[in-house]
Amino acid sequence: MFSGLSIRGRCLLAAAVASAVCALVLDERDLLRVAAFLAALPLFASAVSARGGSGLTAHRELEPRRVEVGATATVRLRLTSRSGTPLGEMRLTDDVPATLGGDARRALHSPTRRKGAFVEYQVHAELRGVHHIGPLRCRAADPFGLSSFSRELLPTTRFTVVPRVFELSGLPNGFGSGAGETGSGNARAGEGADDSTVREYRQGDDIRRVHWKTTARRDELMVRTEERPERGGTTVLLDQRAAAHRGTGKHSSLEWAISASASICSHLRRNGLRPRLVGAGGAPVPEDGRTHPHLSGEAGENLLLEALAALQPSARRELTDGADPAEGQNLVAVLGRTTLTGANELASLRPAGARSLALLLNTERWNTDGRGDEQAAVARRLRDRGWTVVTVDGPVTPVARAWESLCGQSTRPDVLWTER
């Protein structure tokens, strides 16, 4: 009860104690009555405030519960009171993260009656991620401002903001129709056919599939693949390394790369190319195995968007783990800052004949006016190795325009022009 007293209430209580002491010293009974009144008033107010909101129930609805970056959602609160109109002033606050529109504590000042009250407000999704709205708290105070108590009515509610998916058009030259036929798109390279049909041993693989010749040469267990990758399959490589990106918030190069990867996967899926999204090091996205590595149907794409919403920058330094991230399939890479060594390693892992394309982000332009000479050298190196490369020169470059330029390129170098 004493913890809820305001400064005014504590002052009254202190005055009551002082009056009582003076009444005893001076033998003034009237002053003692004043002391009793001064002590009873804040204690009574505290008892009333402590009961405020005890009969109040609330329900929160989000419409929709998942939106793209830049979209708006509506939060609806339905409040009912089993004990009728609460005494005193009651305020309800619903905490909203700054990433959903800044300071958005919503207050209901009017008393809530038995039949219920409704509060509705909107949140703006400014940044990709998994956010939480709430908790909803009730603060009850007495009319004299002598005390106040806070009670949590509702826990937090999950609100997902997925990366924005842009409408793309066209396909790069050499990409299959998605029918799944095998052909030149599966051509492999390396020192002999043995190297092209093996991969690293994984737990659960049949020991009879171990390829001992390659195992001896590489000094690690390698197994034969069960089947050749289909031409219709395409791998999208998202470079999510923290060291490879610049900028902060929704305008960072990482957010551009994530949005571009989501848009490319969605576009390829609509064209029957069965996209497969992997991160730096070849780890599939999502990593929890809830969906087939190839996105199939709307459910698979929804799982991918949910995974991208929760994706965090990686602390790893290397782009690959020494294996072809596309496993011999066509590859579309969305790369951040990449060194010449990293570009050489990535290009050396790709089999001859398989299509390799890259959107290379000039990350120095994301927060400075840097020249990006190293990225230009990386682009030239990849083109020399047969890649189709488009350099994205800043955050104002539209994803759809970058993809259109990539589709239109074969071996001709191109740097996107952007308005400043």
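Nothing here was measured: the structure is a model prediction, and the numbers come from that model.

Cut-off values and rules
- Residues numbered from 1 in each chain as written.
- Predicted model: local features only at pLDDT ≥ 70, side-chain atom pairs only at ≥ 80, totals over all residues.
- Heavy atoms only, no water.
- Axes fitted to C-alpha atoms, helices over the stretch in contact; angles between N-to-C directions.
- Helix = DSSP H or I, 4+ residues; strand = E, 2+ residues; numbered from the N terminus.
- Parallel < 35°, antiparallel > 145°, perpendicular 65-115°, else oblique.
- Left-handed = near helix turned anticlockwise from the far one by under 90°.
- Contact = heavy atoms within 4.5 Å.
- Pairing = 2+ DSSP bridges.
- Core = buried A, V, L, I, M, F, W, Y, C linked by side-chain atoms within 4.5 Å.
- Buried < 20%, exposed > 50% of the residue type's maximum accessible area, 1.4 Å probe, protein only.
- Phe/Tyr/Trp six-rings, centres within 6.5 Å; stacked < 30°, edge-to-face > 60°.
- Expected span 1.5 Å × (residues − 1).
- Nonpolar A, V, L, I, M, F, W, Y, C, P; charged D, E, K, R; others polar.

## Topic: the packing of helix H5 (residues 253-270) against helix H9 (residues 399-408)
It is the contact of H5 with H9, at a shortest axis distance of 10 Å, that shows an interaxial angle of 60 degrees. Relative to H9, the element H5 lies oblique. Judged by the twist between their axes, the crossing of H5 over H9 is right-handed. Between H5 and H9, the residues in contact are Trp256, Ala260, Ser263, Ile264, His267 and Leu268 and Val399, Ala402 and Trp403, respectively.

## A closer look at the sheet that holds strand S5 (residues 117-124)
Sheets are built from strands paired through backbone hydrogen bonds, the pairs being either parallel or antiparallel. In space, the three strands of this open sheet follow the order S1-S3-S5, with antiparallel pairing throughout. The open sheet has two free edges, formed respectively by strand S1 (56-63) and S5, since each of these has just one partner strand. For this sheet, the mean angle separating the axes of adjacent strands, direction not counted, is 20 degrees. Sheet topology note: the S1/strand S3 (residues 72-81) ladder contains eight bridges and is antiparallel. Its bridge partner lying in S3, leucine 62 is registered against valine 75.

## Notes on the nonpolar core
Counting residues in each nonpolar core, the largest one holds 36 residues, and the members touching the most others are Trp256, Ile264, Leu277, Leu308, Leu359 and Trp403. Breaking this core down by element, the ones donating at least two residues are strand S12 (234-238), H5, helix H6 (297-309), strand S14 (330-335), strand S15 (356-361), strand S16 (388-392) and H9. Sorting elements by how many residues they give to this core places H5 first, with nine residues. Apart from residues lying up to four places away in sequence, leucine 359 is in contact with Trp256, Ile264, Ala333, Val334, Leu335, Val390, Val392, Ala402 and Leu406.

## Overview of the packing of aromatic side chains
According to the stated counting rule, one finds one aromatic pair in the structure shown. Taken together, a centroid distance of 6.5 Å and an interplanar angle of 80 degrees make the contact between tryptophan 256 and tryptophan 366 edge-to-face. Taken together, the positions of tryptophan 256 in helix H5 and tryptophan 366 in the loop between S15 and helix H8 (373-384) put the pair 110 residues apart, joining distant regions of the chain. Among the residues examined, tryptophan 256 registers a relative accessible area of 8% and is labelled buried. By relative accessible area, tryptophan 366 is classed as buried at 8%.

## Quick look at the pairing of S16
Most of S16 is tucked away: five of the five residues are buried. Here S16 shows two buried faces, one formed by Thr388, Val390 and Val392 and the other by Val389 and Thr391. Sheet analysis places S15 next to S16, joined by five bridges and oriented parallel. Across the sheet, the residue bridging to leucine 357 is threonine 388, located in S16.

## Let's talk about H5
For H5, with 18 residues, the first-to-last C-alpha span of 26 Å sits near the 26 Å given by 1.5 Å per residue. Counting buried positions over the 18 residues of H5 gives 16, a clear majority of the element.

## Thoughts on the sheet that holds strand S9 (residues 157-162)
Read across the open sheet, the three strands follow the order S2-S9-S6; overall the sheet is mixed. Two strands bound the open sheet, and with one partner strand each, they are strand S2 (66-68) and strand S6 (129-133). Mean inter-strand twist for the sheet, computed between neighbouring axes without regard to direction, equals 30 degrees. Relative to S9, S6 runs antiparallel, the two sharing five bridges. When the sheet's bridge partners are listed, glycine 129 is paired in S9 with valine 161.

## Side note on the packing of helix H1 (residues 7-26) against helix H2 (residues 29-51)
Viewed as axis vectors pointing N to C, H1 and H2 meet at an angle of 160 degrees, and their least axial separation amounts to 8 Å. As far as their axial angle goes, H2 and H1 are roughly antiparallel. You can see that H1 and H2 cross each other, and the crossing is left-handed. Across the interface between the two elements, Gly9, Leu12, Leu13, Ala15, Ala16, Ser19, Ala20, Cys22 and Ala23 from H1 touch Leu31, Leu32, Ala35, Leu38, Ala39, Leu41 and Pro42 from H2. For the contact of H1 with H2, a count of residues per class yields 14 nonpolar, two polar and no charged.

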